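Below are the chains, spelled out letter by letter.
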Amino acid sequence: MEQKNGSSFTGFILLGFSDRPQLELVLFVVLLIFYLFTLLGNTTIIALSYLDPHLHTPMYFFLSNLSFLDLCYTTSSVPQLLVYLRTADKSISFGGCVVQLFVFLGLGCTECILLGVMAFDRYAAICKPLQYTVIMHPRLCALMASASWFIGFGNSLLQTVLIFLLPLCGRNKIDHFLCEIPALLKLACVDTTVNESELFFASVIILIVPVALIIFSYGQIVRAVLRIKSSAGQRKAFGTCGSHITVVSLFYGTAIYAYLQPSNNYSQDQVKFVSLFYAIVTPTVNPVIYTLRNKDVTGAMKKVLCRGQDSR
């Protein structure tokens, strides 16, 4: 190809795991199982939060947002990857690559901010219990959730425009299974130092600012819980936060590893497997983490199941 600008491409080639054909069938089976559990688990959380009046609280409002976000997040990349793992055609159109990058990055950024918002909700519930219903007013909850989506996709729009303004000089083979900024930067035929610095700065804001909010919130939560005299009260308070901390650790740990270290510190294979982790593994385990030790959710599930049996 001799085109001088990426906009004249008919498409890209996603190399994915084509250099390891013996691995593709195994990945297909594993990813299909994970994807089906992602659909089942997150759909269940959304349905229970809607059907059970006891779950009509700020915590489960944000959890429903997270579940819906995870459904969209995995669906933006995994179905295409499953097809690519079983076919010889690894191509994606230029427009398809633009849309995938915009949606995948937007959802990832939104989740970063939403997890910070959820930490603030836990802070208000435990540290300000008497004012909780006043602080976490439904209008404020809707505003914070909307702001998470707006900021996430606003950042994604900016990043997507900047990356596709770079000249590619005919390069169209992406060493990844999806269109992601670090992989696309490697196609550019100009110095990308400024772009890499800008990406690092944006990643710091989107990742580190919510992490700082989370650390502050849980620092205050720990202080408040330690002042509770009964051990049962302490266990209950920590139990409501343990699930969120686990989810935060999984998501931010892999995201920071992928975006906030120099690209020459790890191989492209590591990048792909880390991307698989936060694109499919984390959204799959989120519902399990939130329901395993959550009596409210398990209780709602039992009521819905019993209601379904009674209706027969």
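Residues numbered from 1 in each chain as written. Predicted model: local features only at pLDDT ≥ 70, side-chain atom pairs only at ≥ 80, totals over all residues. Heavy atoms only, no water.

**Notes on the overall build of the chain**
So, step 1. Broken down by element type, the chain carries 11 helices and three strands.
So, step 2. The order of helices and strands in the chain, counted from the N terminus, is β-α-α-α-β-α-α-α-β-α-α-α-α-α.
So, step 3. Out of the 312 residues belonging to the chain, those deemed buried represent 47%.
So, step 4. Considering only contacts in the chain between residues 6 or more positions apart, those separated by 24 or more positions represent 79%.
So, step 5. Put simply, the chain shows about 15500 Å² of open surface, and 69% of that area lies on carbon and sulfur atoms. (Helix = DSSP H or I, 4+ residues; strand = E, 2+ residues; numbered from the N terminus. Buried < 20%, exposed > 50% of the residue type's maximum accessible area, 1.4 Å probe, protein only. Contact = heavy atoms within 4.5 Å. Areas by Shrake-Rupley, 256 points an atom, 1.4 Å probe, with all protein chains shown as cover.)

**A word on the state of the cysteines**
So, step 1. Applying the stated criterion across every chain, the model contains two disulfides.
So, step 2. The residue that forms a disulfide with Cys-169 is Cys-189, at a sulfur-sulfur distance of 1.8 Å. Residues Cys-169 and Cys-189 share a disulfide whose torsion about the S-S bond is about 50°; that sign makes it right-handed. Pair noted here: Cys-169 is in the loop between α6 (138-164) and β3 (173-174) and Cys-189 is in the loop between α7 (181-185) and α8 (193-226), with a separation of 20 residues, a long-range link.
So, step 3. Of the residues examined, Cys-189 reaches a relative accessible area of 26% and is grouped as partly exposed.
So, step 4. Taken N- to C-terminal, the disulfide-bonded cysteines of the chain are connected 1-3, 2-4.
So, step 5. A disulfide-free cysteine, Cys-112 has its sulfur positioned 6.1 Å from the sulfur of Cys-109, the nearest such atom.
So, step 6. On the basis of relative accessible area, Cys-112 is assigned to the buried category, the value being 4%. (Disulfide = S-S within 2.5 Å.)

**Things to note about the packing of aromatic side chains**
So, step 1. Counted by the stated rule, this structure contains 13 aromatic pairs.
So, step 2. Taking the centre distance of 5.9 Å and the plane angle of 25° together, the rings of Phe-12 and Phe-94 count as stacked. Remark: Phe-94 occurs in helix α4 (residues 94-127) and Phe-12 occurs in strand β1 (residues 11-14); sequence separation between them is 82 residues. Like Phe-12, the residue Phe-94 is buried in the burial classification.
So, step 3. Members of the aromatic cluster, connected to one another through ring pairs, are Phe-68, Phe-102, Trp-149 and Phe-153.
So, step 4. Directly above the aromatic system of Phe-28 lies the positively charged group of Arg-86, at a separation of 5.7 Å from the ring centroid. (Phe/Tyr/Trp six-rings, centres within 6.5 Å; stacked < 30°, edge-to-face > 60°. Lys NZ or Arg CZ within 6 Å of the ring centre and 35° of its normal.)

**Some thoughts on the environment of Asp-52**
So, step 1. Turning to its location among the elements, Asp-52 is positioned in the loop between α1 (21-51) and α2 (58-75).
So, step 2. Judged by its relative accessible area of 4%, Asp-52 is buried.
So, step 3. When the C-alpha positions of Asp-52 and Met-301 are compared, they lie 8.8 Å apart, and in sequence the two are 249 residues distant.
So, step 4. Ignoring sequence-local partners within four residues, the contact set of Asp-52 consists of Ala-300 and Lys-303.
So, step 5. A polar contact is formed between the side chain of Asp-52 and the backbone nitrogen of His-54, at a distance of 2.8 Å. (Polar contact = N/O pair within 3.5 Å; in protein donor to acceptor, adjacent residues only side chain to side chain.)

**As for the UniProt feature "transmembrane region" (unreviewed entry) in the chain**
So, step 1. Per the UniProt record, "transmembrane region" (unreviewed entry) is annotated on residues 25-48, 60-78, 98-120, 140-166, 200-226, 238-260 and 272-292.
So, step 2. The span residues 25-48 carries 100% helix and 0% strand; its end-to-end C-alpha distance comes to 35 Å. (UniProt positions renumbered as here; feature names shortened; annotations may be inferred.)

**Description of α1**
So, step 1. With 31 residues, α1 ought to run about 45 Å at 1.5 Å a step, and its terminal C-alpha atoms sit 45 Å apart, in line with that.
So, step 2. Taken as a whole, α1 has its buried residues at Glu-24, Leu-27, Leu-31, Tyr-35, Thr-38, Gly-41, Asn-42, Ile-45, Leu-48 and Ser-49. (Expected span 1.5 Å × (residues − 1).)

**Quick look at the sheet that holds β1**
Hydrogen bonds between backbone groups are what pair the strands of a sheet, and the pairing can be parallel or antiparallel.
So, step 1. If you walk across this open sheet you meet the three strands as β2-β1-β3, and the pairing is mixed. Edge positions in the sheet fall to β2 (91-93) and β3, since each of these pairs with one other strand and no more.
So, step 2. Along the sheet, α4 contacts β1, β2 and β3; its crossing angle with β2, the most-contacted strand, is approximately 85°. (Pairing = 2+ DSSP bridges. Axes fitted to C-alpha atoms, helices over the stretch in contact; angles between N-to-C directions.)

**Examining the confidence of the model for the chain**
So, step 1. A residue-level look at the chain finds 88% of positions with pLDDT of 70 or above and a mean pLDDT of 83.
So, step 2. Residue range residues 1-8 is modelled with pLDDT below 50. Its contacts to residues more than four positions away, or to other chains, number 14 contacts. (pLDDT = per-residue confidence, 0-100.)

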